[in-house]
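Listed below, chain by chain, are the residues.
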Amino acid sequence: MAMEIRYSNVSADYQLGPIRTKNVLDDVNLFVKPSSFTAIVGQTGAGKSSLLKVMNGLIRPKQGEVKIGKYSVSSNNDPTSLKEVRKRIGMVFQFPESQLFAETVEKDICFGPLNFGVGLSEAKEMAKTAIYQVGLDASFLPKSPFSLSGGQKRRVAIAGILAMKPDILILDEPGAGLDPIGKQEILSLIASWNKNNKLTTMMVTHEMDDVAKFADDVIVMEKGKIVFHDDVRTFFADLNQIQSWNLDIPEARRFQLLIEEKTGVSLPKICLTVEELADCLIEVGLA
Ligand SMILES: Nc1ncnc2c1ncn2[C@@H]1O[C@H](COP(=O)(O)OP(=O)(O)O)[C@@H](O)[C@H]1O
Ligand SMILES: [Mg+2]
């Protein structure tokens, strides 16, 4: 089921021994459309990971509320409702493969469902479905997760999250540390679950080419605040603004700006991919 997400006046901080940090989320208001794919970008320390963690109660808002479908996360949640929220949200942290622990891939994928009270035979069925969803097959189930390649390990870790059949998928730099092909494969899989299963998806990334290729909407965070939230083409329209956030632009957009500058011809739209750029160049007769 497609779920919407709404943050209302959410502030959060961390307890560091006896002291509390300043707000790492500062009065955040946000509405994420059901089934959308939203990229979250911004400098290190801007609050991107914290924005995601507050959603399933890993850090609690000290003020305000996050509504996820009919569920709510606030400073005074009871633990049962938090458990329900966590069932509905699949959260893929940075380097999720570091959490693999069982002797076999199957046991690892079954861990989450079993933990939420699913029976063993059903959990095994879920594992089988999930291993195919991440582009592997049943021959991996009896293997040790530690015998796999880095990209395969990451897929197994993500399979464990998909096995829970979440309504929302939250990913914190899911491609980090993978080779370019492994990364593209994982991101393409994520994009296809988003489209096919109407899985509301939020992904932190530093790669503007991935933002251009996969995201519908973009959130820019700065110092615990959301300073931009709009569709991806609007995001990449204003180069000055992007530079003011110390962010980059995708290759295709960079070429577009260079071509427009050198020819004096404006292309009919903001080009996000090389395919779009090629089409635009043909349309205006530059190629
Ligand atoms: N466990 C923690 N304890 C204390 N401070 C933290 C912790 N995690 C993050 N912070 C601080 O919160 C701020 C936001 O961090 P984070 O959400 O991780 O940003 P980002 O993901 O954009 O890099 C930073 O100033 C960071 O130092
Ligand atoms: Mg982070």
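By the naming in an unreviewed UniProt entry, the chain is Energy-coupling factor transporter ATP-binding protein EcfA2, taken from Caldibacillus thermoamylovorans. UniProt, in the comment section headed Subcellular location (unreviewed entry), describes the chain in these words: "Cell membrane". Per UniProt, the chain has the following entry under Function (unreviewed entry): "ATP-binding (A) component of a common energy-coupling factor (ECF) ABC-transporter complex."

(A) Looking closely at the overall build of the chain. Regarding its fold elements, the chain presents 11 helices and 12 strands. Taken over the C-alpha trace, the chain has a radius of gyration of 20 Å; the compact-globule value for 287 residues is 19 Å, and the two agree within 12%. Along the three orthogonal principal directions, the C-alpha set of the chain runs to about 65 × 50 × 35 Å. Across the 287 residues in the chain, those meeting the buried criterion constitute 49%.

(B) Just the site of ligand 1, in detail. Looking at ligand 1, the residues that line it are Tyr 14, Leu 16, Val 24, Gln 43, Thr 44, Gly 45, Ala 46, Gly 47, Lys 48, Ser 49 and Ser 50. Gly 47 is positioned such that a nitrogen or oxygen atom in its backbone is 3.0 Å from an oxygen atom of ligand 1. Ser 50 places a polar side-chain atom, nitrogen or oxygen, 2.6 Å from an oxygen atom of ligand 1. The dominant element in the shell around ligand 1, judged by the number of residues it contributes, is helix H1 (residues 48-53), at 3 residues. Counted by class, the shell around ligand 1 contains 4 nonpolar, 6 polar and 1 charged residues.

(C) Spotlight on the nonpolar core. Of all hydrophobic cores here, the largest spans 54 residues; its most connected members are Ile 109, Trp 193, Val 211, Phe 235 and Phe 236. In contact with Phe 236, not counting residues within four places along its chain, are Met 208, Val 211, Ala 212, Ile 242, Asp 248, Ile 249, Pro 250, Arg 253, Ile 270 and Leu 272. One finds Met 3, Leu 30, Leu 52 and Val 85 within the second-largest nonpolar core, a separate group that totals 30 residues.

(D) Inspection of the pattern of salt bridges at higher detail. Taken as a whole and assessed by the stated rule, the structure comprises 16 salt bridges. The partner of Lys 225 in a salt bridge is Asp 26, with the nearest N and O atoms 3.5 Å apart. Placement of the pair is Lys 225 in strand E12 (residues 225-231) and Asp 26 in strand E4 (residues 25-32), with a sequence separation of 199 residues. Among the residues examined, Asp 26 registers a relative accessible area of 27% and is labelled partly exposed. Where Asp 217 meets Lys 33, a salt bridge forms, and the shortest distance between an N and an O atom there is 3.1 Å.

(E) View of the sheet that holds strand E6 (residues 63-68). As summarised here, the arrangement of the 4 strands in space is E4-E1-E6-E7, forming an open sheet in which the pairing is antiparallel. The outermost strands of the open sheet, each flanked by one partner alone, are E4 and strand E7 (71-74). Strand-to-strand, the axes of this sheet are offset by a mean angle of 15°, without reference to chain direction. Bridge analysis of strand E1 (residues 5-12) against E6 gives 5 bridges, and the strand direction is antiparallel. Paired with Ser 11 across the bridge in E6 is Gln 63.

(F) Quick peek at unusual backbone geometry. Here Glu 173, not a glycine, exhibits a phi torsion of approximately 50°, which is positive. Topologically, Glu 173 is positioned in the loop between strand E9 (168-172) and helix H6 (180-197).

(G) The environment of Thr 104, seen in detail. When you line up the elements, Thr 104 lands in the loop between strand E8 (89-92) and helix H3 (105-115). Here the alpha-carbon distance between Thr 104 and Lys 143, two residues 39 residues apart in the chain, equals 5.2 Å. Beyond its immediate sequence surroundings of up to four residues, Thr 104 is in contact with Leu 141, Pro 142, Lys 143, Ser 144 and Pro 145.

(H) Representation of the UniProt feature "domain: ABC transporter" (unreviewed entry) in the chain in the model. UniProt's entry tags residues 5-248 with the feature "domain: ABC transporter" (unreviewed entry), counted in the numbering of this structure. From the first C-alpha to the last, residues 5-248 spans 27 Å; its make-up is 36% helix and 25% strand.

(I) How the structure looks around the packing of aromatic side chains. Evaluated as defined, the whole model comprises 5 aromatic pairs. Put simply, the rings of Phe 228, Phe 235, Phe 236 and Trp 245 touch in pairs and so form one group of aromatic residues.

(J) Looking closely at the environment of Ser 147. Take Ser 147: it is sitting in the loop between helix H4 (120-133) and helix H5 (150-162). Taking the C-alpha atoms as reference points, Ser 147 and Ile 282, separated by 135 residues in sequence, lie 49 Å from one another.

Conventions we followed
Residues numbered from 1 in each chain as written. Chains lettered and ligands numbered in written order. Predicted model: local features only at pLDDT ≥ 70, side-chain atom pairs only at ≥ 80, totals over all residues. Heavy atoms only, no water. UniProt positions renumbered as here; feature names shortened; annotations may be inferred. Helix = DSSP H or I, 4+ residues; strand = E, 2+ residues; numbered from the N terminus. Rg over C-alpha atoms; globule rule 2.2 N^0.38 Å. Buried < 20%, exposed > 50% of the residue type's maximum accessible area, 1.4 Å probe, protein only. Near = heavy atom within 4 Å. Polar contact = N/O pair within 3.5 Å; in protein donor to acceptor, adjacent residues only side chain to side chain. Nonpolar A, V, L, I, M, F, W, Y, C, P; charged D, E, K, R; others polar. Core = buried A, V, L, I, M, F, W, Y, C linked by side-chain atoms within 4.5 Å. Contact = heavy atoms within 4.5 Å. Salt bridge = Lys/Arg side-chain N within 4 Å of Asp/Glu carboxyl O. Pairing = 2+ DSSP bridges. Axes fitted to C-alpha atoms, helices over the stretch in contact; angles between N-to-C directions. Phe/Tyr/Trp six-rings, centres within 6.5 Å; stacked < 30°, edge-to-face > 60°.

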